[in-house]
Amino acid sequence: MTSTPTTQAPTARNELDRALAITSSRTWDADRRMPLVPDRGQGAHFWDSSGQEYIDLTSCTGAAPLGMGHAPVLDAVIDEMRRSGGVLPGVMSSLRTDVAQDLCSIFPCAQRALFFRTGSCATSGAVRLARVHTGRDLILTSGFHGWHDWQLQYKGTPDVVGRDAGVVDFGYDVERLRTLLEDHPGRVAAVFVTPESTCMPLADLFTMQDLARSHGALFALDEVMTGFRFVNGGLHGALGLTPDLITVSKGLCNGMALSAVLGARSVLEAHEKTYLGNTFMREVAPFAGARVSVDIQRNGATQTIIDHVSRLVPGINAVLARHGLAARALSAAGIFHVLFEDDDLGQRFYTELRRRGVHAEFGGAHLVSAALTPEDIDQALLAFDEVAATFAGPSARSISAGAFARFAEDAFRVTPRVAARWWEQLGPRLDTATPDAGAALVGRSA
Amino acid sequence: MNTPILLGGEHRSGTTLLSIVLDSHPALDVGPELDFAEPTNLGTLVIQTCRLLREGDPRVLGPGTDTNDPAYYDVAHFVKQCERYGVPPATLSGLVEQQIAEDGRDIVALRDRCRLLERIGQFKMAMTGKLTWGIKLQRKIQDVDRYAQIFPGSRFIHIIRDGRDVAASHLRTVPDWGYRSIDDTAYKWANLIEAARLRAPAPRYHEIRYEDLVSEPEKACRALCDFLEIPFASQMLQHHLVDHTLHAHDWSHPSSEATKNPLSDAPVGRFRHDLTAEQITAFEDIASGTLRTLGYAV
């Protein structure tokens, strides 16, 4: 059980100031993430620099779906570092080959695997491969793919020079995608989409896939978030999509940087024509950790995460409804979001949650870990209940189309028209007890 | 709440010109933009900043509405914007104190911020004897549904300009603060228009094209007056001959000087010589659908 913090101790404040003074960004590291400096973690718990304990509902933004310091992964990594020395002169290793085979056995679209360190690197690699394979330059994209320059259509410093002119964001708008494909015959290398499974009509993904193929373009899915949060085979496996390329990262090696581009052999073999190397692919320990991480998730941990979400989301919704808050949690398999009618209230709500020892990020995807215990879930729900009680009032219970649109435009960069369309399908479901887009998917994948 | 006129549009779309044209009408008191959502609060912080401004404290001064101390930028910018609207710091401070005293809380929540706007508008009406107040929401017009709920009965006017001219204006005229890329302008321009159109309460929402305002001003102004249910006033066509508070205290407003001139359609189509062919294509790649919907040739 966590203790209940009241306010951050002076040492924690000092640590935050020290970090901001020399390295951390107030905008991206503190305000958008968490205004405290974590010090250590274990399972689904972490402690800040003043010793204050928190339950983590983010699994470190998805980096540790098995929880922090998960012993089997740690042991595999440490053993491999001792056995092999941790880094080798060449980028090939038996472990890398093993992990590639594991992934190709899990993800239906995968015939070959190429490895990187971060999700951003993988998505950039996928774009390069698509361009080299097709000999075309244009990438039509929707959603978040990371921080690299070609991804700057998404958020932050969009006015810097050096953006990739061959990337056009269609904001999940199928009609805009159709127009772009028709306006640029023979130019589009790939349609590259991050599936936002909690909110989007998933049938749109099939339409996008069909449109891409009918214009000779590849269809690529960014499964960095969804890859290991749907049982065995990512979102595309659950839905039966057949992308030419996917990218995965969160959960590939619990707690360590590793990412991959997976896909059709013919597309991945474009690697022979373009250099995609980096020095630190010579590290072998992440592959040792990946073998264990992937195996544990495949054999029950992903389902455990989905079960946790299935308990948390109805619990949160019950609490929000009981206190008359215009807010709602939405889920798909192992992912959930919480929408608030009033952004200001949402910000304050999450600040209060953190004061009660529960960490999650307002507006972001909640990616819980398998390490949560039933007691952690009870305590998190209790915190939601206490905070909701402090904000209880006469506010309407429903979420408006406008509030959803503002959320979706900020979180996913959908166009306003798409937000309205998504709302038409999602809105009626919000009045049901469990607005879980993933329930049907889980059933389909089973 | 009263029934204010709330104007909006993408930056560099003629929003200031429209506010001046409307302000020329004998029944309307329409000011420039007030960035009321950005400061941490519009209560105690505004009172403090008004005092610092009156004392000439260098922290809240700088070129235009800029401040030497960045921590004061948002709030000092708001206070100076109020002065552009004809509400000097001493008066603003009094209005804020009044609201805090009545409510017993600081002005943080959006509804409370909007109540302060209402108070400011009422003050202006009392001072000028005009019948309706208004301000520019600028890009907040995309949240028209939210403000329609907060200000029941309010009316919204959205001015839309060819996005390629908007891009040219950003890149060529205001490169120090405008959008710096074609892509960014195209995405934001198209999405803002789409959002406002989708969320607007139809009977209370009116669109005007910048090109129509400057090319056929009488027709455009008569349509505005019909929408506002007020008689047309010829002063709207002579806005440069009417006094406006913006020009008295402009704090280097970027469009202040231009709005002292008579209406002219000279800027229409400037993108053809201000943007390269590649830039025009890049804009149209992203926003051709919106351009076509609005009747702009692609």
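Whatever comes next refers back to the structure up there.
Residues numbered from 1 in each chain as written. Chains lettered and ligands numbered in written order. Predicted model: local features only at pLDDT ≥ 70, side-chain atom pairs only at ≥ 80, totals over all residues. Heavy atoms only, no water.

Points about the overall build of chain B
Okay, so step 1: The secondary structure content of chain B amounts to 13 helices and five strands.
Okay, so step 2: If you line up chain B on its principal axes, its C-alpha atoms span 55 × 45 × 35 Å.
Okay, so step 3: Buried positions account for 58% of the 298 residues belonging to chain B.
Okay, so step 4: Of all intrachain contacts in chain B linking residues separated by at least 6 positions in sequence, the fraction that spans at least 24 positions is 73%.
Okay, so step 5: Of the side chains in chain B, 33 bear a positive and 41 a negative charge, and the two mean positions are spaced by 2 Å. (Helix = DSSP H or I, 4+ residues; strand = E, 2+ residues; numbered from the N terminus. Buried < 20%, exposed > 50% of the residue type's maximum accessible area, 1.4 Å probe, protein only. Contact = heavy atoms within 4.5 Å. Lys, Arg positive; Asp, Glu negative; His and termini not counted. Charge placed at Lys NZ, Arg CZ, Asp CG, Glu CD.)

What about unusual backbone geometry?
Okay, so step 1: Phi angles above zero are rare outside glycine, and Y172 of chain A is one such case at about 65°.
Okay, so step 2: Structurally, Y172 of chain A is set in the loop between β6 (167–169) and α6 (174–183).
Okay, so step 3: A positive phi angle is found at R12 of chain B, which is not glycine, with a value near 70°.
Okay, so step 4: Within the secondary structure, R12 of chain B is located in the loop between β1 (5–8) and α1 (15–23).
Okay, so step 5: Exposure remark for R12 of chain B: the relative accessible area of 17% places this residue in the buried category.

Some points on the packing of aromatic side chains
Okay, so step 1: Tallied over the entire structure, the rule returns 18 aromatic pairs over all chains.
Okay, so step 2: For the ring pair F404 of chain A and W423 of chain A, a centre distance of 5.4 Å and an interplane angle of 35° mean the geometry is tilted. On the criterion of sequence distance, the pair formed by F404 of chain A in helix α13 (residues 401–412) and W423 of chain A in helix α14 (residues 416–426) is long-range, its members being 19 residues apart.
Okay, so step 3: Judged by its relative accessible area of 16%, W423 of chain A is buried.
Okay, so step 4: In this structure, R155 of chain B is placed above the aromatic ring of F227 of chain B, and the distance from its NZ or CZ to the ring centre is 6.0 Å.
Okay, so step 5: Above the ring of Y210 of chain B, the side-chain terminus of R161 of chain B is found at 4.5 Å from the ring centroid. (Phe/Tyr/Trp six-rings, centres within 6.5 Å; stacked < 30°, edge-to-face > 60°. Lys NZ or Arg CZ within 6 Å of the ring centre and 35° of its normal.)

Here we look at the pairing of strand β2 (residues 28–33) of chain B
All names here are of chain B.
Okay, so step 1: Of all six residues that make up β2, six are buried, and the element is covered over most of its length.
Okay, so step 2: Note that β2 and strand β3 (residues 132–138) share four bridges and pair parallel. For V30, the partnering residue across the bridge sits in β3 and is G134. (Pairing = 2+ DSSP bridges.)

Notes on the sheet that holds strand β5 (residues 138–142) of chain A
Residues and elements named next belong to chain A.
Okay, so step 1: Taken in spatial order, the seven strands of this open sheet run β4-β10-β9-β8-β7-β5-β6, and their pairing is mixed. Edge positions in the open sheet fall to β4 (112–116) and β6, since each of these has one partner strand only. Averaged over all pairs of adjacent strands, the angle between their axes in this sheet comes to 20°, without regard to strand direction.
Okay, so step 2: Sheet topology note: the β5/β6 ladder contains three bridges and is parallel. Residue pairing across strands places T141 opposite D169, the latter belonging to β6.
Okay, so step 3: The sheet contacts of helix α7 (residues 203–214) involve β7 (188–193) and β8 (218–222), and relative to β8 the element is tilted by about 145°. (Axes fitted to C-alpha atoms, helices over the stretch in contact; angles between N-to-C directions.)

Some thoughts on the pattern of salt bridges
Okay, so step 1: For the coordinates displayed, the defined rule picks out 40 salt bridges over all chains.
Okay, so step 2: D244 of chain A is the salt-bridge partner of R213 of chain A, the closest N and O atoms lying 3.2 Å from each other. On the criterion of sequence distance, the pair formed by R213 of chain A in helix α7 and D244 of chain A in the loop between α8 (234–239) and β9 (245–248) is long-range, its members being 31 residues apart.
Okay, so step 3: Through salt bridges with shared partners, a single ionic network connects R406 and E409 of chain A together with D143, D145, R146 and R199 of chain B. (Salt bridge = Lys/Arg side-chain N within 4 Å of Asp/Glu carboxyl O.)

A short note on the environment of A122 of chain A
Residue and element names in this part refer to chain A.
Okay, so step 1: Looking at the element boundaries, A122 is found in helix α5 (residues 119–134).
Okay, so step 2: For A122, a relative accessible area of 0% translates into the label buried.
Okay, so step 3: Discounting residues that sit within four places of it in the chain, A122 has contacts with F116, T247, S259, A260 and V261.

Examining the interface of chain B and chain A
Okay, so step 1: Listed per partner, the contact involves 21 residues of chain B and 22 residues of chain A.
Okay, so step 2: With both sides pooled, the region where chain B packs onto chain A buries about 1,800 Å², and carbon together with sulfur makes up 41% of that total.
Okay, so step 3: Of all residues in chain B, Y187, R199 and D285 of chain B give up the largest surface area on contact with chain A, accounting jointly for 30% of the area buried on that side.
Okay, so step 4: Among the salt bridges present, the one from E409 of chain A reaches R199 of chain B, with a minimum N-O distance of 2.1 Å.
Okay, so step 5: At the boundary of chain B with chain A, the tally comes to seven residue pairs in polar contact (both at pLDDT 80 or more).
Okay, so step 6: For the side of chain B that touches chain A, the secondary-structure elements that each account for two or more residues are α6 (144–150), α8 (182–199) and α13 (277–293) of chain B.
Okay, so step 7: At 10 residues, α8 of chain B tops the list of elements feeding residues into the side of chain B that touches chain A. (Buried area = accessible area lost by both parts, 1.4 Å probe. Polar contact = N/O pair within 3.5 Å; in protein donor to acceptor, adjacent residues only side chain to side chain.)

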